[in-house]
Every structure is written in structure tokens, then in C-alpha cells.
Amino acid sequence: MVVGTMTSVDENGSSAITILLREAEIAAERTTGWVRIALAAALAVSMLVSAEIVSVAGFDEFWARLGLGALAIGALLALGIVSLVLVWTGAYAPWMAVALAAGDVIIIVLVVGATLHNSQLGGNWITIVPAVWAAPLILSVGALRYRPGVQIWATILMVSGLGVVGTLFGASVFLSSTDAAAFAENPTALDLLSLSANLARAVMLALVGAVTTLVMLRARRLLHRAVKEISERASIARFLPAEVAPLMEGSNLEIWRRGKRQEITVLFVDLRGSTALAEHMDPAELSVFVSSFRRRVMQAAGAHGGVVDKFIGDGALLIFGIPEPKPDDAKRAILCAREIIRLIERWNAKRRFHPPVRVGIGLHSGAAFCGVLGAHDRLEFTVLGDVVNVAARIEQATKRFGVSLVASEATIVLAGEVREWQEIGRGPLRGRSGAVVMLVPSDQAISKQQGQHFG
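Below you will find a few notes about this structure. (Residues numbered from 1 in each chain as written. Predicted model: local features only at pLDDT ≥ 70, side-chain atom pairs only at ≥ 80, totals over all residues. Heavy atoms only, no water.)

Digging into the overall build of the protein
- Within the protein one finds 13 helices and eight strands.
- Across the 455 residues in the protein, those meeting the buried criterion constitute 45%.
- Taking as baseline every contact in the protein between residues at least 6 positions apart, the subset at least 24 positions apart corresponds to 74%.
- Accessible surface computed for the protein: about 22700 Å², of which carbon and sulfur atoms make up 62%. (Helix = DSSP H or I, 4+ residues; strand = E, 2+ residues; numbered from the N terminus. Buried < 20%, exposed > 50% of the residue type's maximum accessible area, 1.4 Å probe, protein only. Contact = heavy atoms within 4.5 Å. Areas by Shrake-Rupley, 256 points an atom, 1.4 Å probe, with all protein chains shown as cover.)

A few points about the packing of helix α4 (residues 134–142) against helix α5 (residues 148–168)
- Running from amino to carboxyl end, α4 crosses α5 at an angle of 170 degrees, the nearest separation of the two axes being 10 Å. It follows that α4 is roughly antiparallel to α5 by the angle criterion. Here A135, L139 and G142 of α4 come into contact with α5, specifically with Q151, A154, T155 and M158.
- Across the contact of α4 with α5, the residue classes break down as four nonpolar, three polar and no charged. (Axes fitted to C-alpha atoms, helices over the stretch in contact; angles between N-to-C directions. Parallel < 35°, antiparallel > 145°, perpendicular 65-115°, else oblique. Nonpolar A, V, L, I, M, F, W, Y, C, P; charged D, E, K, R; others polar.)

A short note on α4
- Counting buried positions along α4 gives seven out of nine residues, so the element sits mostly inside the fold.
- Turning to α4, its buried residues are A134, A135, P136, I138, L139, V141 and G142.

As for the layout of surface pockets
- One number sums up the size of the second largest pocket: a volume of about 190 Å³.
- Lining the second largest pocket are L277, H280, M281, E285, V288, F289, R351, F353 and H354.
- Here the element with the most residues in the lining of the second largest pocket is helix α10 (residues 283–303); it accounts for three residues.
- Tallied by class, the residues present in the lining of the second largest pocket amount to five nonpolar, two polar and two charged. (1 Å grid on protein atoms, 1.4 Å probe; cavity = no way out; pocket = protein on both sides within 12 Å on 5 of 7 lines; lining within 4 Å. Points joined across faces, edges and corners; volume = space filled by probe spheres on them.)

Observations concerning the pattern of salt bridges
- Under the defined criterion, the tally for this structure stands at eight salt bridges.
- Here R332 and D328 are joined by a salt bridge, their closest N and O atoms 3.2 Å apart.
- Given a relative accessible area of 13%, R332 falls into the buried group.
- Overall, D328 belongs to the partly exposed group, its relative accessible area being 34%.
- R332 is paired through a salt bridge with D329; the nearest N and O atoms lie 2.3 Å apart. Taken together, the positions of R332 and D329, both in helix α11 (residues 329–351) and three residues apart, correspond to about one turn of that helix. (Salt bridge = Lys/Arg side-chain N within 4 Å of Asp/Glu carboxyl O.)

Re the environment of E380
- You can see E380 is positioned in strand β5 (residues 380–384).
- In the structure, E380 is positioned 123 residues away from R257 in sequence and 9.6 Å away in space, judged by C-alpha atoms.

A few points about the nonpolar core
- In terms of nonpolar packing, the biggest core is built from 37 residues, with L267, V269, F289, L318 and I361 touching the most fellow members.
- At the level of elements, β1 (260–272), α10, β3 (315–320), α11, β4 (358–373), β6 (405–408), α13 (409–415) and β8 (435–441) are the ones that each hand at least two residues to this core.
- A total of 10 residues in this core trace back to one element, the largest contributor, which is α11.
- The residues touching V269, leaving out its near neighbours within four places in the chain, are F293, V297, G315, A316, I340, V359, G360 and I361.
- Counting residues in each nonpolar core, the second largest holds 36 residues, with L76, L100, I108 and V132 among its members. (Core = buried A, V, L, I, M, F, W, Y, C linked by side-chain atoms within 4.5 Å.)

Observations regarding empty space enclosed by the protein
- Scanning the entire structure with this criterion turns up one cavity of 30 Å³ or more.
- Counted as a void, the largest cavity has a volume near 50 Å³.
- Lining of the largest cavity is provided by T32, A101, D104, I138, L139, G142, R145, Q151 and A154.
- Looking at which element gives the most residues to the lining of the largest cavity, the answer is α4, with three residues.
- Each residue belonging to the lining of the largest cavity can be placed in one class, and the counts come to four nonpolar, three polar and two charged.

Topic: the packing of α10 against α11
- It is the contact of α10 with α11, at a shortest axis distance of 9 Å, that shows an interaxial angle of 140 degrees. Judged by the twist between their axes, the crossing of α10 over α11 is right-handed. Together, F289, S292, F293, R296, Q299, A300 and A301 of α10 and C336, E339, I340, L343, I344 and W347 of α11 make up the contact between the two elements.
- Across the contact of α10 with α11, the residue classes break down as nine nonpolar, two polar and two charged. (Left-handed = near helix turned anticlockwise from the far one by under 90°.)

Examining the pairing of β3
- Taking burial as the measure, the six residues of β3 include six buried ones, the bulk of the element.
- Side chains G315, L317 and I319 project from β3 onto one buried face, and the interleaved A316, L318 and F320 project onto a second face that is buried too.
- As paired elements, strand β2 (residues 307–312) and β3 share five bridges and run antiparallel to each other. In the strand pairing of β3, K310 is matched with L317.
- Turn length for the β2-β3 hairpin, with the two strands adjacent in sequence and antiparallel, is two residues, and the turn residue G313 shows positive phi of about 60 degrees. (Pairing = 2+ DSSP bridges.)

Quick look at the packing of aromatic side chains
- Per the stated rule, a full pass over the model turns up two aromatic pairs.
- Here the aromatic rings of F289 and W347 are separated by 5.1 Å at their centres, their planes lie at 20 degrees, and the arrangement is stacked. With F289 in helix α10 and W347 in helix α11, the pair connects residues that are 58 residues apart, well separated along the chain. (Phe/Tyr/Trp six-rings, centres within 6.5 Å; stacked < 30°, edge-to-face > 60°.)

Quick look at α5
- With 21 residues, α5 extends 30 Å from end C-alpha to end C-alpha; this agrees with the ideal 30 Å at 1.5 Å per step.
- Within α5, burial applies to P148, V150, Q151, A154, T155, M158, G161, L162, V165 and G166. Here the buried residues of α5 occupy an arc of 165 degrees about the axis, which is enough to place them on one side. For α5, exposure combined with an orientation more than 90 degrees from the buried face picks out G149, I156, T167 and L168.
- At the exit of α5 stands G170, carrying a positive phi of roughly 80 degrees. (Expected span 1.5 Å × (residues − 1). Arc of directions from axis to C-beta.)

Below, the structure is given as C-alpha cells:
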């Protein structure tokens, strides 16, 4: 039976992912802004110490020696403030990440160069400059953007920029005489500033960028997968029976699309006299009335393991035996039918409907095709087979016999309740040649003479 239409999850999933990534990037830029401000303060202190400017007495000489480093640190502070303002005002756009990342790299490279210049050190000393180790921090924070392209761009700029600075300040395979003199008392330490050692550090810096890029790629894939699965579950759960929906995830959906043939018990329930009741209700009242009826059907189905496959106006189709058949399916279907009748009687007593609400319930057991049909963007859970048609005809026969509950002999035998039921009629059903034996509970039995045959 058709229960609804499953919308395409690809567009919904992509939209949700776009929103999440956008929010993550904005949050990352906010964090990066604060990191820039903190770095500016830390680099200012480290540069003063490395250049020994703290000992300078003259104010003019202080700024003269600080030179380019002061400008770079001021630029880093300004960049941090600008990024925060862009985020807070809502003016931040995705393309700005490329420019801001480039700004970070340029500023760090300038600070490193200014520190080497003020300290009068050669290019081989680049790795001991504190600003160099701000590079991994910037790259790590950049990973929060979940944009691998921007991270690759920043990594290439960082490594190549530091390489250019080292070259400009005379980095060489062998240390200069000045550098060597600085390590005269500890010759083995010279190896720590050799070109090979610095190249190793450069490679490690590049690896930091590469690893964070891989982390972002993996995070994006996981995010896409998670959002897609959640969207699929939400769509399937919305349109398919709750007991079946979890089985439609992933590759299981293809299995259900091929369908299964299995034994089930079908319960049809329909309101009697609903037309007369509706005549005295406005649309709002009628909506509440039908919703209340459906809620009681769902309550009974849930209590006895039935699946509400479909609501049809003021009626419903319930299935027992999906996703997998159980030995007590027929027994539970009978208990569910009795529970529906009990809930309706209690409803009548509470609301004092006039005329009272009554139901007709038909039960039948047999083999049926159970599966999902349709295209990807229009899936329908379906139960097909003679068992469904017979159960519907039996439900209609409750009107003729004047009882609330009628079940086929097949259902009663499977439930092991032959002694508690009485035959009320047998014969062919409309549209079916084979005879069907119908029974009612002993407490509802009426004279068989009311009708031996039906159509």
C-alpha cells in the first residue's frame, strides 16, 4: 500500500551541508581573528627580546630599530580586528578567506625577516626566530575553515615565503664565520643551524599544512555522509512505517526494492457511521475527531507490534509480520483488534457520541509481497497480494453480519483460538473464486441464518 512520497535527499543534504560549512567557516574566522590579536601581542614581546630593544633608552631609536617588524605586528593586529568586524557585521564572504590567509602568511614572513634584520643574524638562524613557530599555529587554526583549497594555498605561501626570507638573509649549506663564532664553545650545535636541518624543519612545516588539509578533507567527507544519512532517514521515516524505515538505510534499500514474499496477517479497520457524525461537525471538529480515532488505532498497533501501513480516510490498514514474520503475528493481530474495540468503547463513554462511534475490523493471514516500489525520488512501501484483498472484503462483511470483528479461519487457526470463535459464514468473496470461512468471537456470535453467502 502507498504511504507517501520520499523527496530527493541529495538537494536537501547539500543545502544542509552548505549551511553547516558556512557556519563553521564564520566561527573559524572569528577564532582566527582572536588568534591574530594574541599572536600580535606575543610576537611584539618576542621581537623586543630578540633584538634587545628593551635596553634602548632613546624613544626615537626604539622605533627606528623596530622598523618593519613594528609595521608587521601592527598589520597582524589590524587584520585580526578587521576579520572580527567582518564576522560581527555579517559582511564576511567566503572569498575573503583567501585574502585573509595570504595576509597572515605575509605578516608572519615580514616579522621573521624583521627579526633577522634587527638581530643581525644570517638566514640559517631563521628556525630560532619565535615568529616562525606562529606558522603551524596559523595553519592549524586555518583547518577550522573546512576549506582544503584555502589551506593548501596558505601552506604553499608559508613555506615558499620563509624560504625566500632565508635565502635573502644568506642561508647556506655551511655557516658563515660569524655564525661559527657564535657556536665556538659548542661546535656540535652548528649542525642544528645547517641548511639540511633547516630544510627538515621546512618539510615538517609543510607536513603540518598537508596533515591539516587531510583532516579537513576527511571531516568534510564525514560531514557530507552524516548529513546525507540523516536526510535520508528523515525522509524515509516521514513517508514509510516507522518499523520499516530503519531497514531502508544504505544497501538495505536495494534489497527492499527487490521485495520479499512472506507470511503476514492483515487487519483492516473502518469507522461505522462516520458520515452521520460528520454532518454535525464543522471542519475543525471533524479533523480533531478523525485524528483522535487514528491516535487510538496507532496506540493499539504499537501495543501489539503492528505496523500502521496506511490510513485511508476514516479507516486504516495494519500489518503484522513485517519487517520479519513471527509465530504470534495472528495472535497479536487479534489482540490489537480487541484493543481497538475497547479503546473505541471507552471513547464513546467519555465523549457520549450520538450516534455512538463504532468500527468494523477484518482479519486475514497469508502470503504477500512486501517491498518498496518507485523511482529514487518517489518511493512507496507496498504490501500486495490476495491476503490484503481478502482482509478488506472481510472488513466489509462486518456490516452485513452486524458485528465489530470478523476473522478468517486461516487467522484463527494460526492464533490457536479455534475454540474461542464461531463460524458465521463461508463462501466466495467478490472478485475471488475460492471460498473463505469467516468467524467471530463467541461473545459476538449471531445466527448463521443471517447469511451463509456474501459477495
